[in-house]
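The residues making up each chain are set out below.
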Amino acid sequence: MMDQRSLRVFLVEDEAILLMQLEALVTAAGHEVVATAMSGEEAIRTAETLDADLAFVDLRLCDGETGFRVGRCLARDAGIPVIFVTANDRRVLGGAERGAEIDGSFGGALGVIAKPYTLHGLQTALAFLEEALIAPPPSSAPPPGLLIAPHVAQRWRRAS
Amino acid sequence: MDNADASRLAERTRAEFGEIDPLFGEIDPFSAIIRTTQLPMVVTDPRRHDNPIVFANPAFLRMTGYERFEVTGRNCRFLQGPGTCPKSIARVREAVRAERSIEIDLLNYRKDGSTFYTALHLNPVHAKSGTLQFYFAAQLDVTERYRLIREREAENEALQEALAVKTTLIHEIDHRVKNNLQMIAAMIVLQSQRIPDPSTRASMLDTLQRVEALGTVHRRLHQSESASRFDIADFVRDLVADLVGATGRSDIRVELDLASAVIHADKSVAVALLLNEIVTNILKHAFTEGRPGTIAVQVAAGSEIRIVVEDDGIGMPEAAEARSTFGQSLMGTLARQLGARLTVASAPRKGTRVELILSG
């Protein structure tokens, strides 16, 4: 699928310290952070010219609940796989509070990482995504901290 | 009352529809009852053009605010207004057309334009021959009932709104707690990466794991519906997978035998921190120098909750030495906080067995 070993990663996180940790972690795992954004507006602007293999998107950004919009923009318009990072995972999983827009389909995202995540949880999630995106289907089940959208998980199961 | 009586009554009542004979009224008990009852009543005559009111009792006049001469000879629809439900009107019309009885609530208008709800009971009165003679309508004022319903609805709406505000607030606080725990963890991670001294860095990572254990508690708590019940089994599963995974070693086997053991949220943080210390200690001391092994965790819930963490490693360091570490003293104090019994048995080359007993 991709003729490369590492991922080009886009990070959308409005908390400075969390953004720094994500950057450090992605870089330490041998991947490249191609761009970062600290607001929904900045993320959407950046997405126009973005060349990335994966995006981590915080659901609640400083300019409101714009994570879903960013996710849609990246996943549907730019075709970039999106992982939502959220302290409100029930919103994505249940969807009841926000309506059918996000229900079941994970808002178009590939998966969800629930906050608070552990360092190890994030590392294993990234290692799994590396394999899943570079040489799909992944050989193992996703780690506990990473929830994969049902339709994608099903596709991988069928392909393996 | 037999049919002959009924037709005589009808005749007599009919005689009253025009001029009221006060003498007749006084001697007829039915007429007297209808005049004095608090229940508003009208009689209409469908054989006349447009089914007009031919009799209205005083209660009806009091309820509607009209004089007798203003209602007699008119079809009942003058009581309706723009607020009256058109579907209800159609149903009444259909019942009249089909000569059926009907019970229905209607919004009606008084002479002064004010509205009231009435529970209409409309019955056709047929002669013995089967021909329709009258409609008899009793109308009970049920405005108060509607007012109470509206009041209740308004109260419910206000409560729903208040609940929505509270729910939003709880989500907001939950979100902040999780985000702050995440940030504390991130600070420790970022800081520890710049520390050259391995033992200082190891201490920082111990702290990271304690903070992460707190994070896992909050994540688990808020995944449950009530956010007040905490299942130790779920937590142990997350904790052990994470801590063993974080060692980066594939030669440590994990055996879990977990029964669901639900405790109150109050105790969740202390239990989580205690379990974190137990498992961390075992991983740190049992399998040193590349020694492979197994860590087994058992959770059993009865009248008490019994948690056993065992390994087949080299055994804990000497008790005196162990007591002096922060981790050991934290374990002791957490057990005290929980009112739990904590026993550590360790023998060289036989591993360590830690048992924690919590009252349920």
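Just so we're clear, the structure is a prediction, and the values are computed from it rather than from any experiment. (Residues numbered from 1 in each chain as written. Chains lettered and ligands numbered in written order. Predicted model: local features only at pLDDT ≥ 70, side-chain atom pairs only at ≥ 80, totals over all residues.)

Draft legend 1. Looking closely at the interface of chain B and chain A. Taken together, the contact between chain B and chain A spans 23 residues of the former and 18 residues of the latter. At the level of elements, α7 (143-192), α8 (198-223) and α9 (232-247) of chain B are the ones that each hand at least two residues to the side of chain B that touches chain A. Looking at the side of chain B that touches chain A element by element, the count peaks at twelve residues for α7(B). A breakdown of the residues in the side of chain B that touches chain A according to their chemical character gives ten nonpolar, eight polar and five charged. (Contact = placed C-beta atoms within 7 Å. Helix = DSSP H or I, 4+ residues; strand = E, 2+ residues; numbered from the N terminus. Nonpolar A, V, L, I, M, F, W, Y, C, P; charged D, E, K, R; others polar.)

Draft legend 2. Here's a closer look at the packing of α8(B) against helix α10 (residues 265-285) of chain B. All names here are of chain B. Between α8 and α10, the least distance of the axes is 9 Å, while the angle of their chain directions is 140°. As summarised for this structure, α8 and α10 are arranged oblique, according to the angle between their axes. Both α8 and α10 take part in a crossing whose hand is right-handed. Contacts between α8 and α10 pair D206, Q209, R210, A213, L214, T216, V217 and L221 from the former with A265, S268, V269, A272, L273, N276 and T280 from the latter. Of the residues belonging to the contact of α8 with α10, the class tally is eight nonpolar, five polar and two charged. (Axes fitted to C-alpha atoms, helices over the stretch in contact; angles between N-to-C directions. Parallel < 35°, antiparallel > 145°, perpendicular 65-115°, else oblique. Left-handed = near helix turned anticlockwise from the far one by under 90°.)

Draft legend 3. Examining the sheet that holds strand β7 (residues 252-258) of chain B more closely. All names here are of chain B. A sheet is described by the order of its strands in space; here five strands give the open sequence β7-β9-β10-β12-β11, paired in mixed fashion. Among the strands making up the open sheet, the edge pair consists of β7 and β11 (341-347). Neighbouring strand axes in the sheet, compared pairwise and without regard to direction, differ in orientation by 10° on average. Sheet strands in contact with α9 are β7, β9 (293-301) and β10 (304-311), and its direction is about 180° off that of β7. (Pairing = 2+ DSSP bridges.)

Draft legend 4. Region of interest: the pairing of strand β4 (residues 115-126) of chain B. Residue and element names in this part refer to chain B. Pairing of strand β3 (residues 102-109) with β4, which is carried by eight bridges, proceeds in the antiparallel orientation. In the strand pairing of β4, L107 is matched with Y117. What sits between the antiparallel neighbours β3 and β4 is a turn of five residues, in which G113 has the positive phi angle 90°. Across nine bridges, β4 lies against strand β5 (residues 132-141) in antiparallel orientation. Directly across from A119, in β5, lies its bridge partner L140. Connecting β4 to the next strand, β5, in antiparallel fashion are five residues, including G130 with a positive phi near 100°.

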